[in-house]
Amino acid sequence: MRIFSTMIYREMKRFMRSRARVLGSLINPIIWLVLFGKGWAGAFNFPGASMIFGGVDYMTYLVPGIVAMTVFNMSFIQGITIIWDKQFGFIKEILVAPASRGEAILGRITGGAIMVMIQGVIILALSFLIASGLKLSGVLPALALSFLVGLAVAGMGVAIAMRMSSMEGFQMIMTMIMLPMTFLSGAFYPVKTMPEWMQWLAKVNPLTYAVDGSRYYLAGVAPTFSLTTDWLVLAGLAALFMGIAVIEFRRATID
Amino acid sequence: MTYAIEVENLVKKYGDFTAVKGISFKVRNGEIFAFLGPNGAGKTTTVHVLTTLLKPNAGTATVAGHDVVREPMEVRRKIGIVFQDPSTDRELTAYENMYIHGRIYGYSGNELREKIEMMLKFVELWEFKDRPVKFFSGGMQRRLEIARSLLHEPEILFLDEPTIGLDPQTRAHIWEYIRAMKEEHSMTIFLTTHYMDEAEQLADRIAIMDYGKIIAEGTADDLKKLVGNDVIYVRMEEPEEGIKCLNAEFIRGCRIMPDGRVRLDVQNASEAMPKLFELAQKNGLRILEVTYHRPTLNDVFLHLTGREIRDEGGEQKVARMIMRARMRR
Ligand SMILES: Nc1ncnc2c1ncn2[C@@H]1O[C@H](COP(=O)(O)OP(=O)(O)OP(=O)(O)O)[C@@H](O)[C@H]1O
Ligand SMILES: [Mg+2]
């Protein structure tokens, strides 16, 4: 477990050293919450509007979606920054060490997911200030779901990054998958009222299950799927992507 | 005699390209062994195979008594390495880089703290320990990497071009550390370089590598004996028909250098010099400049391959271009 905890320590140090970047990355979700959220909250203020959103006001409905979206984005970036480690040679330092490579990469991913959770906590704390219907009791389970998202997505980021040699393709991948996945996750509007083909896409989108589960815990909205499904899908994906990352990292050569 | 490193018929390919073409050598315990060769010779590839980062396609390599393919973990426990390219974590401080390395190698607590302090003091970086590495100069980064590679007290240390791109003072400084390590810790050091002076200054034995093969091996003196004579460089006023090689019984070999000088191999430079002037006068050649020296490792390389190993600095290249331009006129 030594290299596992050491890699987490390293992520922590890097996280603290990049405070400016971390704060900067919170601007985006805050804009969604305040400008997008408050804007629509005003429009959805007519009688019966809360019926659309599972019985809660729009702000409360939106928060779990924004948290999931933030966690998703941050985790992907976390995972993919392993490209820097490759470029700046830190990977070689790991590969030549008398320690388990699998453990090292799991530590890297877990460390990344923990740092993402910290950002998730900050967003949640801010959300409690502007959304009235959130449940404090839902924070822990929602964070646990976010953690699974973090593990899965950081694992996916690592798996992708190990196959790329530069940061160039990265921006493209980001915009190519981030935006549609967010819209298809039910973060902004219910999955149930989407056109059928969109619902179908939403169901294969892992982010949907994170939004669904944490919306139940934080806002008390009845889940679209069962909670068991939400947990199983996310845990399964976390295990899958971490497994792929481990296999790829074990095979990694330096050229 | 036991050996720190034993390599036999080692082959490493990248796709169709064979970077290391069946090399064999042995490194004795406690010696500094240098791989000297030009860019692309296969030095780094060999280091990466020996440090278990690449798998060889054929042949065997034993490091500290363990086969690099069958027992990579055992090998990794016993080696330290400074890679050719930087491999520190630029965002982190010198201390944090050392700390992470120490933890990975199983140290912790006070023992680790003391070791870090000792090593950072050894490379004179202790006062900069809390500065992020991205603010370090090239020489400081290199020193940090050396300190890091030594932290876990490896039996065998690999240094891949330890002073590449550094200024002369810093290079001399790093040489001091390397000598100190060998003497104080009786460590075996495997070094690659394309600087002849570095190999000559540091190494007990040198293997000259070119195009994936070892073309000569021995002490610097052994290698120089291969040339077997002194070397004279003559610059002459260019005659109508162009510069030609000189011919006489006292000249054992003659080559025209890219910069227009003529390089002569003679048994004894001091005796050959008067004969040379006589010869020039007889042929109506005007000598502008004569230099001579005992053979260097560069001459050895030239003797063996017909090319120079020298890493041409920008200045030298410009000077040569000017020369050529002049010659054309
Ligand atoms: N990953 C790789 N894929 C394909 N070819 C490679 C790879 N790495 C090195 N080579 C080739 O193998 C040969 C040997 O390279 P190597 O890096 O071992 O040389 P070197 O002696 O260390 O040279 P240098 O002084 O430039 O560091 C070179 O021709 C190089 O282009
Ligand atoms: Mg090299």
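Residues numbered from 1 in each chain as written. Chains lettered and ligands numbered in written order. Predicted model: local features only at pLDDT ≥ 70, side-chain atom pairs only at ≥ 80, totals over all residues. Heavy atoms only, no water.

### Points about the nonpolar core
All names here are of chain B. In terms of nonpolar packing, the biggest core is built from 159 residues, with I5, F25, V63, F158, F190 and I206 touching the most fellow members. If near-sequence neighbours (up to four positions away) are discounted, F190 is found in contact with I5, F25, V27, F33, F35, V47, L50, L157, F158 and L159. I243, F250, A272 and M273 belong to the second-largest nonpolar core, a separate cluster that totals 15 residues. (Core = buried A, V, L, I, M, F, W, Y, C linked by side-chain atoms within 4.5 Å. Buried < 20%, exposed > 50% of the residue type's maximum accessible area, 1.4 Å probe, protein only. Contact = heavy atoms within 4.5 Å.)

### A short note on the state of the cysteines
Residue and element names in this part refer to chain B. This structure, assessed with the given rule, holds one disulfide over all chains. Across a sulfur-sulfur distance of 2.3 Å, C245 and C254 are joined as a disulfide pair. Here the S-S torsion is close to -100 degrees, and the disulfide linking C245 with C254 is therefore left-handed. Owing to a relative accessible area of 38%, C245 belongs among the partly exposed residues under this scheme. (Disulfide = S-S within 2.5 Å.)

### Some thoughts on the coordination of the magnesium ion (ligand 2)
Six octahedral donors at a metal ideally form angles of 90 or 180 degrees, and four tetrahedral donors ideally form angles of 109.5 degrees. Looking at the metal site, the magnesium ion (ligand 2) is ligated by T44 of chain B (OG1) and Q84 of chain B (OE1), spaced 1.8 to 2.0 Å from it. Of this pair, T44 of chain B sits in helix α1 (residues 43–50) while Q84 of chain B sits in the loop between β6 (79–82) and α3 (94–104), and the two are 40 residues apart along the sequence. (Donors = N, O, S within 2.8 Å, 3.2 Å for Na, K, Ca; no water. Helix = DSSP H or I, 4+ residues; strand = E, 2+ residues; numbered from the N terminus.)

### So, the domain arrangement of chain B
Under the domain assignment, chain B is made up of domain 1 (3–223) and domain 2 (228–294). Put simply, the middle of domain 1 of chain B and the middle of domain 2 of chain B, counted by C-alpha atoms, are 41 Å apart. (Domains from an automatic or database assignment.)

### Here's the deal with the sheet that holds strand β9 (residues 205–210) of chain B
Residue and element names in this part refer to chain B. Spatially, six strands are ordered β6-β7-β8-β3-β9-β10 in an open sheet, and the strand pairing comes out mixed. Since the sheet does not close on itself, it has two edges, and those belong to β6 and β10 (213–218), each with one partner. Adjacent strand axes in the sheet meet at a mean angle of 15 degrees, parallel and antiparallel pairs treated alike. Along the sheet, α1 makes contact with β3 (32–36), β6, β7 (156–160), β8 (188–193) and β9, crossing β8 at roughly 150 degrees. (Pairing = 2+ DSSP bridges. Axes fitted to C-alpha atoms, helices over the stretch in contact; angles between N-to-C directions.)

### Points about the packing of aromatic side chains
Under the counting rule described, the total for this entry stands at 23 aromatic pairs over all chains. Measuring from centroid to centroid gives 6.2 Å for F33 of chain B and F35 of chain B, while their planes differ by 50 degrees, and the two rings are tilted. When sorted by exposure, F33 of chain B lands in the same class as F35 of chain B, which is buried. Through pairs of rings, three or more aromatic residues link up here, namely W32, F36, F183, F188 and Y189 of chain A. Across the ring face of F90 of chain A, the terminal group of R10 of chain A is positioned such that the distance to the ring centre comes to 3.7 Å. (Phe/Tyr/Trp six-rings, centres within 6.5 Å; stacked < 30°, edge-to-face > 60°. Lys NZ or Arg CZ within 6 Å of the ring centre and 35° of its normal.)

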